[in-house]
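Here is how the chains run, residue by residue.
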Amino acid sequence: MPSHLPYEDILIEPQEEVKDSEKIGDEITWEYEYNPGTLFVRRYIRPKYSLKATGQIIIGTLPERPVDKDNFGPGIMSTVTTDKYLYH
């Protein structure tokens, strides 16, 4: 991932109560995104927690994305598509 691009971080906490749990790490998902004139990287940071009572791992849910397991956000996908067919 290019280091010169700006980052937009979005923190997604789990829906469950994490008061009686231990944070064991972060799951980071990134995607390239585009606003007119600006290419940037959007990072979804989802803390992972282990429940002390059961040992169950809980993590926040990623938002819907146009293509699962793809690194391109909807803004860059729509721009590339419309630019390709704009003059045809």
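Up top is the structure.
Everything in this summary refers to the structure shown in the same document. (Residues numbered from 1 in each chain as written. Predicted model: local features only at pLDDT ≥ 70, side-chain atom pairs only at ≥ 80, totals over all residues. Heavy atoms only, no water.)

1. A word on the packing of aromatic side chains
- For the structure shown, the criterion picks out two aromatic pairs.
- For the pair W30 and Y32, a centre-to-centre distance of 5.2 Å together with 85 degrees between the ring planes defines the contact as edge-to-face.
- You can call W30 partly exposed: its relative accessible area is 24%.
- For Y32, a relative accessible area of 17% translates into the label buried.
- The structure contains a cluster of three or more aromatic residues connected by ring pairs, namely W30, Y32 and F72. (Phe/Tyr/Trp six-rings, centres within 6.5 Å; stacked < 30°, edge-to-face > 60°. Buried < 20%, exposed > 50% of the residue type's maximum accessible area, 1.4 Å probe, protein only.)

2. Things to note about the pairing of strand β3 (residues 38-51)
- In the sheet, strand β1 (residues 7-11) pairs with β3 via five bridges, with the strands oriented parallel. Bridge pairing links I10 to Y44 in β3.
- Counting the residues in the hairpin turn of strand β2 (residues 21-35) and β3 gives two residues, including G37, whose phi is positive at 90 degrees.
- Adjacent in sequence and paired antiparallel, β3 and strand β4 (residues 57-59) are bridged by five residues, among which G55 carries a positive phi angle near 80 degrees. (Pairing = 2+ DSSP bridges. Helix = DSSP H or I, 4+ residues; strand = E, 2+ residues; numbered from the N terminus.)

3. A word on the side chain of S50
- Locating S50 in the fold gives a position in strand β3.
- Looking at S50, the relative accessible area reads 17%, which means it is buried.
- In this structure, S50 is in contact with S21, E22, I24, G55, Q56 and I57, ignoring residues within four places of it in sequence. (Contact = heavy atoms within 4.5 Å.)

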